[in-house]
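Next come the chains, spelled out residue by residue.
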Amino acid sequence: MEMEEAIKLRDVELPFKVYNVPEIDAATLKWTDEYVASNFISRYDEKNKKHKKSIAKGFAQESPNNFFTFFLGTTWNTDTM
């Protein structure tokens, strides 16, 4: 029932919270600031003596209160945001 409701809210692009989801709990432990940063910056490979490019394309944001807003650029006027 809760999964069906979450899917409906997702499909109409309304915010919702999930809790007690083992995969999300595991991601919370894995995705530390250090883990995220290590995948957004280039690194120097000592073995091959060259820089490795970042595996991520994009930016990381930090929130002081855990609030993030997500949107699709095709449905919002991003010039005014």
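Please read these numbers as outputs of a predicted model, since none were measured by experiment.

S.K.: An account of the overall build of the protein chain is requested, with residue identities and associated values reported.
M.R.: Helix and strand counts for the protein chain stand at three helices and two strands. Helices and strands appear in the protein chain in the N-to-C order α-α-α-β-β. Burial statistics for the protein chain: of 81 residues in total, 6% are counted as buried. Taking as baseline every contact in the protein chain between residues at least 6 positions apart, the subset at least 24 positions apart corresponds to 10%. Entry remark: accessible area of the protein chain is about 8200 Å², with carbon and sulfur atoms responsible for 58%.

S.K.: Kindly report on unusual backbone geometry, identifying the contributing residues and their values.
M.R.: Even without a glycine there, the phi angle at E13 is positive, about 60°. Along the chain, E13 turns up in the loop between α1 (2–11) and α2 (22–30). At N20, a position not held by glycine, the phi torsion is positive, near 60°. Within the secondary structure, N20 is located in the loop between α1 and α2. For N20, a relative accessible area of 65% translates into the label exposed.

S.K.: Kindly report on the pattern of salt bridges, identifying the contributing residues and their values.
M.R.: For the coordinates displayed, the defined rule picks out one salt bridge. For the salt bridge of R10 with D11, the shortest nitrogen-to-oxygen distance reads 2.8 Å.

S.K.: Which residues make up the confidence of the model for the protein chain, and what are the values?
M.R.: Predicted confidence across the protein chain gives a mean pLDDT of 75, with 56% of residues reaching 70 or more. Across the protein chain, α2 holds the top mean pLDDT of 91, while strand β1 (residues 43–45) sits lowest at 61.

S.K.: Could you give an account of a nonpolar patch on the surface, naming the residues involved and the relevant values?
M.R.: A cluster of nonpolar side chains, namely F16, V18 and I24, defines an oily patch on the protein surface of about 240 Å² accessible area. Topologically, I24 is positioned in helix α2. By relative accessible area, which is 41% here, I24 ends up partly exposed.

Calculation rules
Numbering of residues starts from 1 in every chain and runs along the sequence as written. It should be noted that, the model being predicted, local features are given only for residues of pLDDT at least 70 and side-chain atom pairs only at 80 or more, the latter also being counted only at that level, while totals for whole chains, interfaces and linings use all residues. Water and hydrogen atoms were dropped before computing side-chain values, which therefore reflect all heavy atoms in the structure. Counting from the N terminus, the helices are the DSSP runs of H or I reaching at least four residues and the strands are the DSSP runs of E reaching at least two. The rule is simple: take the accessible area with a 1.4 Å probe, protein chains only, and divide by the maximum for that residue type; under 20% is buried, over 50% is exposed, in between is partly exposed. Every residue pair with non-hydrogen atoms within 4.5 Å of one another is taken to be in contact. Methods summary: accessible areas were calculated by the Shrake-Rupley approach with a probe of 1.4 Å, and residue burial reflects only the protein chains presented. We define a salt bridge as a side-chain nitrogen of Lys or Arg found within 4 Å of a carboxyl oxygen belonging to Asp or Glu. Each residue carries a pLDDT value, the predictor's own confidence for that position, ranging from 0 to 100. Like charges within 9 Å and nonpolar side chains (Val, Leu, Ile, Met, Phe, Trp, Tyr) within 5 Å are joined into patches, using only residues over 30% in relative accessible area that form no salt bridge.

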